[in-house]
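Structure assessment
These are the residues of each chain, in order.
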Amino acid sequence: MTALEKMQTWIATFPGYDILSHFHVDYTDKAPPNGGIYPSGLVEVERRRDIVGNTTVTNQYNFAIYCVFLKAIGDDEGATINAGWVSDFQEWVQEQSVTGAAPTFGDEPRTERIMAQNGMLYDTDEEGTTAMYMVQMSVQFKKKFEGRNKWLT
């Protein structure tokens, strides 16, 4: 299973996920309620090599989660519900990561972290009927490469 598939499958277990009728990759429609995941690739954060050629790499996957919800102009009640969903999602991600219930991506599951940050209202449509919310997600994990270093032979 790819990292993207792991994230999609896992996000679908969020208790509030049922509000989303569709969840896409790299696309959200203005028709609510709708969501999407936007992967932005793998970042190598750190690389450590020991004396015998074993290498440990700290990596990070970055994703953005977008959700389109109903929100009329001046609708504080709807805005509060939407913001609550975003906050609940971020807290759920944190709990899943801390308790080990989140999926793993690397070779040291106990050191992995999945974070959902900066949940916010991202955009509204011109008609004033929908709003798009965004949450930035990252997954930090370690991969080990044992003794495969051509520079030490």
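None of these values were measured; they are calculated from a predicted model. (Residues numbered from 1 in each chain as written. Predicted model: local features only at pLDDT ≥ 70, side-chain atom pairs only at ≥ 80, totals over all residues. Heavy atoms only, no water.)

**A look at the overall build of the protein chain**
- Counting its secondary structure elements, the protein chain contains two helices and five strands.
- Starting at the N terminus and walking to the C terminus, you meet the elements of the protein chain as α-β-β-β-α-β-β.
- Judged by the C-alpha coordinates and their principal axes, the protein chain covers about 65 × 30 × 25 Å.
- A total of 153 residues make up the protein chain; the buried ones form 40% of that total. (Helix = DSSP H or I, 4+ residues; strand = E, 2+ residues; numbered from the N terminus. Buried < 20%, exposed > 50% of the residue type's maximum accessible area, 1.4 Å probe, protein only.)

**Topic: the nonpolar core**
- Ranked by size, the top nonpolar core spans 28 residues in total, and within it Met7, Trp10, Ile11, Ile65, Phe89 and Met137 carry the most contacts.
- Considering each element in turn, this core owes the most residues, six residues, to strand S5 (residues 130-145).
- Among all residues touching Met137, those that are not within four sequence positions of it are Met7, Trp10, Ile11, Tyr61, Asn62, Phe63, Ile65, Phe89, Val93, Ile114, Met115 and Ala116.
- Counting residues in each nonpolar core, the second largest holds five residues, with Ala64, Tyr66, Val68 and Met132 among its members. (Core = buried A, V, L, I, M, F, W, Y, C linked by side-chain atoms within 4.5 Å. Contact = heavy atoms within 4.5 Å.)

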